[in-house]
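# Working through the structure, step by step
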Amino acid sequence: MLTTSRYNQHTGKYANIIEVGATGNTLEQCLTSMKYLAKVMDEIMK
């Protein structure tokens, strides 16, 4: 869903927000997702 809210994305040219999980997810599920996201981000940022 798109909203008119701003979370400081306008302060930097390449700002981004990554949200992980939702009210139906456990902390363990979120941490597992972040492990894989971190690997992908590491490859991209090299």
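Just above sits the structure.
Residue numbers run consecutively from 1 along every chain, following the written order of its sequence. Residue-level local features of this predicted model are given only where pLDDT is at least 70; pairs of side-chain atoms are given and counted only at 80 or more, and the full residue set underlies all totals for whole chains, interfaces and linings. Calculated side-chain values reflect all of the structure's heavy atoms, with hydrogen atoms and water omitted.

Helices and strands together make up the secondary structure of the protein, namely one helix and zero strands. Each principal axis of the C-alpha distribution contributes one length, and for the protein these read about 30 × 30 × 15 Å. The classification of residues rests on relative accessible area computed with a 1.4 Å probe and restricted to protein chains. Under 20% of the type maximum is buried, over 50% is exposed, and intermediate values are partly exposed. A buried classification covers 2% of the 46 residues belonging to the protein. When the accessible surface of the protein is summed, it comes to about 4,700 Å², and 56% of that surface belongs to carbon and sulfur atoms. Residues counted as positive are Lys and Arg, residues counted as negative are Asp and Glu, and His and the chain ends are not counted. For the purpose of locating charges, the reference atoms are NZ of Lys, CZ of Arg, CG of Asp and CD of Glu. For the protein, the centre of its 5 positive side-chain charges and the centre of its 4 negative side-chain charges are spaced 8 Å apart. Think of it this way: any DSSP run of H or I at least four residues long counts as a helix, any run of E at least two long counts as a strand, and we number them from the N terminus. Here, Shrake-Rupley sampling with a 1.4 Å probe gives the accessible areas, and only protein chains in the shown set may cover a residue.

Let us look at the pattern of salt bridges. Side-chain pairs of opposite charge can arise whenever the charged atoms involved come near each other. The salt bridge definition used is simple: a Lys or Arg side-chain nitrogen within 4 Å of an Asp or Glu carboxyl oxygen. Under the defined criterion, the tally for this structure stands at two salt bridges. Measuring nitrogen to oxygen at the nearest pair gives 3.9 Å for the salt bridge that ties Asp42 to Lys46. Accessibility expressed as a relative area gives 42% for Asp42, which makes it partly exposed. With relative accessibility at 69%, the residue Lys46 sits in the exposed group. Linking Lys46 and Glu43 is a salt bridge whose minimum nitrogen-to-oxygen distance equals 3.3 Å.

Bear in mind that shape data such as this cannot, by itself, settle questions of function.
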